[in-house]
Amino acid sequence: MYTAHPDRYADMPYRRTGRSGLKLPALSLGLWHNFGPDRPVETQRAILRRAFDLGITHFDLANNYGPPPGAAESALGEALKADLAPYRDELVVSTKAGYLMWPGPYGEWGSRKYLLSSLDQSLARMGLDHVDIFYSHRPDPDTPLEETMGALHSAVQQGKALYVGVSNYSPEQTREAARILADLGTPLLVHQPRYSMLDRRPEEQDLLTTLDELQVGSIVYSPLEQGLLTGRYLDGIPEDSRAASDSPFLNSEAVTEDLVARLRALDEVAKSRGQTLAQLALAWVLRGGRVTSALIGASSPQQVEDSVGAIRNLDFDAEELARIDAIVRP
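A few points on the structure. Each chain carries its own residue numbering, running from 1 in the direction its sequence is written. Two thresholds apply to this predicted model, a pLDDT of at least 70 for residue-level local features and 80 or more for giving and counting side-chain atom pairs, whereas whole-chain, interface and lining totals are computed over all residues. Excluded from the side-chain calculations are hydrogens and water; all other atoms, namely the structure's heavy atoms, are used.

1. Brief notes about the overall build of the protein chain
Here is step 1: When its secondary structure is counted, the protein chain shows 11 helices and 10 strands.
Here is step 2: As a reference, a globule follows 2.2 Å times the number of residues to the power 0.38, and the radius of gyration itself is taken over C-alpha atoms. Taking 330 residues into account, the globule formula puts the C-alpha radius of gyration at 20 Å, and the protein chain, at 19 Å, falls close to it.
Here is step 3: Along the first, second and third principal axes, the C-alpha set of the protein chain runs to 50 × 50 × 40 Å.
Here is step 4: Residues counted as buried form 56% of the 330 residues belonging to the protein chain.
Here is step 5: Relative to all contacts within the protein chain whose residues are 6 or more apart in sequence, the contacts with residues 24 or more apart total 75%.
Here is step 6: Per element, the accessible surface of the protein chain, about 14200 Å² overall, is 49% carbon and sulfur.
Here is step 7: Think of it this way: Lys and Arg go in the positive column, Asp and Glu in the negative one, and His and the chain ends go nowhere. In this description, the location of a charge corresponds to atom NZ of lysine, CZ of arginine, CG of aspartate or CD of glutamate. Each charge class in the protein chain can be summarised by its mean position, and for the 33 positive and 45 negative side chains these summaries are 3 Å apart. By definition, any uninterrupted DSSP run of H or I lasting at least four residues is a helix, any uninterrupted run of E lasting at least two residues is a strand, and each is numbered from the N terminus. Each residue gets one of three labels from its accessible area relative to the maximum for its type: buried under 20%, exposed over 50%, partly exposed in between, using a 1.4 Å probe on protein chains only. Residues are treated as being in contact if the distance between any of their heavy atoms lies within 4.5 Å. Working definition of accessibility: Shrake-Rupley area with a 1.4 Å probe, residue cover restricted to the visible protein chains.

Rendered as structure tokens:
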């Protein structure tokens, strides 16, 4: 029988999400690629237990996470039953809908029919009566934003979600989504964009500024840039890496000699701070408190532990930031 560590809240910082009352841990666990039937169930459960013991109270999912789609939610449901059910009120569980889940015209995007049907399926897989955050995973070019946001509002009204968020929305779409939701009486809680030292689009497109102005929180995904910022690629492409498999998210052509040289230079910055490259990358997105939380993935409890080590040094001086920028954006 699992018993959570009594000091699980001793070290993890918790940050208020926008202008809401909800606090999220500085690091959240994403159940994207490592929670499917191709992974040992005990390893999955061990990752979740270790994360919670270290103060990671937020588990981030989507309907299509696995593989196959739905598998991650089912895995969390089993872990909740086996280990974490007594701690449900200490957990923030989020899920999303937007990408393809089932055949036909009602199995993806942003219609009311798809979003609310998907949420019901997600709750059934996880064995929950509600999630804490329900997201529109991507904007739908063919569905009025009023309909998509109305569906999120309905999820809250029905008691199936406590808060709502959006992911992959532009600053303009985010402003309009926030306006619609405010008129409905369900505030936009959080935005989930992709952001890392190597991907500055939330800065360049003024998304972070927009979220500041709207007082909306942010939880960033891919802060380790699909593993490039974990140190695995400092000597090229490992045979068992994502890039070696030519994943649709990272392929071998992306790992150029120039990129490897930049990664090695960033690793030197990390060493000067007493951090691993992954810890540096996580600390960088969390610097200054502008980002609420950073999503980490893990294939072992040890990877969770390494990531959590980032919270020991989240401060950067101007020289360090300039050095990182000179490496990444010469």
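2. Structural notes on the nonpolar core
Here is step 1: Take the buried residues of types Ala, Val, Leu, Ile, Met, Phe, Trp, Tyr and Cys, join any two whose side-chain atoms come within 4.5 Å, and each joined set is a nonpolar core. Counting 93 residues, the largest nonpolar core has Leu27, Leu29, Ile56 and Phe59 as the members making the most contacts within it.
Here is step 2: In terms of residue count, the dominant contributor to this core is helix H9 (residues 277–286) (9 residues).
Here is step 3: Filtering out sequence-adjacent residues up to four positions away, leucine 27 remains in contact with Met12, Ile56, Leu282, Leu286, Ser293, Ala294, Ile296, Ser307, Val308 and Ile311.
Here is step 4: Counting 9 residues, the second largest nonpolar core, distinct from the first, contains Val92, Tyr135, Ile219 and Leu295.

3. A closer look at the pattern of salt bridges
Here is step 1: By convention in these notes, a salt bridge is any Lys or Arg side-chain nitrogen within 4 Å of a carboxyl oxygen on Asp or Glu. The tally for this structure, following the rule as stated, stands at 29 salt bridges.
Here is step 2: Residues aspartate 235 and arginine 264 are paired through a salt bridge, measuring 3.8 Å at the closest nitrogen-oxygen approach. One end of the pair, aspartate 235, is in the loop between strand S9 (217–220) and helix H8 (257–272); the other, arginine 264, is in helix H8, with 29 residues separating them in the sequence.
Here is step 3: Taken together, the salt bridges that share partners define one network made up of Glu42, Arg45, Arg49 and Asp83.

4. Let's talk about the packing of helix H1 (residues 41–53) against helix H10 (residues 301–308)
Here is step 1: The contact between H1 and H10 brings their axes to 8 Å, and the two run at 25 degrees. Between H1 and H10, the crossing angle belongs to the class labelled roughly parallel. Here H1 and H10 pass one another in a crossing that is right-handed. The residues of H10 that touch H1, namely those facing Ala46, Ile47, Arg50 and Ala51, are Pro301, Val304 and Glu305.
Here is step 2: Each residue receives one of three labels: charged for Asp, Glu, Lys and Arg, nonpolar for Ala, Val, Leu, Ile, Met, Phe, Trp, Tyr, Cys and Pro, and polar for the others, Gly being one of them. Taken together, the residues of the contact of H1 with H10 break down into 5 nonpolar, no polar and 2 charged. Axes here refer to lines fitted to C-alpha atoms; in helices the fit is confined to the stretch in contact. Angles between the N-to-C directions go from 0 to 180 degrees. Should an angle lie under 35 degrees it is considered roughly parallel, over 145 roughly antiparallel, and from 65 to 115 roughly perpendicular; all remaining angles are considered oblique. Each helix crossing is assigned a hand: it is left-handed if the near helix lies turned anticlockwise from the far helix by less than a right angle, otherwise right-handed if that turn is clockwise.

5. Some words on H1
Here is step 1: To estimate how far a helix should extend, the number of its residues minus one is multiplied by 1.5 Å. Between the first and last C-alpha of H1 there are 18 Å, a value that for 13 residues agrees with the 18 Å anticipated at 1.5 Å per step.
Here is step 2: Two residues or fewer after H1 comes glycine 55, characterised by a positive phi angle close to 95 degrees.

6. Re the side chain of serine 94
Here is step 1: Take serine 94: it is sitting in strand S5 (residues 92–97).
Here is step 2: Its relative accessible area of 0% is what places serine 94 among the buried residues.
Here is step 3: Each polar contact in these results corresponds to two N or O atoms within 3.5 Å; when the atoms are within protein, one needs to be able to donate a hydrogen and the other to accept it, and residues that are neighboring in sequence are counted only if both atoms are side-chain atoms. In terms of polar contacts, serine 94 uses its side chain to reach the side chain of histidine 58, at 3.0 Å.
Here is step 4: Not counting chain neighbours up to four residues away, the residues in contact with serine 94 comprise His58, Phe59, Asp60, Leu61, Ile133 and Tyr135.

7. What about the sheet that holds strand S3 (residues 27–30)?
Here is step 1: Any two strands with at least two DSSP-identified bridges between them are counted as paired. Read once around its circumference, the closed barrel built from 8 strands follows the order S3-S4-S5-S6-S7-S8-S9-S10, with strand pairing classed as parallel. The sheet shows a mean angle of 30 degrees between the axes of neighbouring strands, direction not considered.
Here is step 2: Note: strand S8 (residues 188–192) against S9, 2 bridges, orientation parallel. Each bridged residue has a counterpart across the sheet, and for valine 190 the counterpart in S9 is glycine 217.

Remember, this is a structural readout, not a statement about activity or role.
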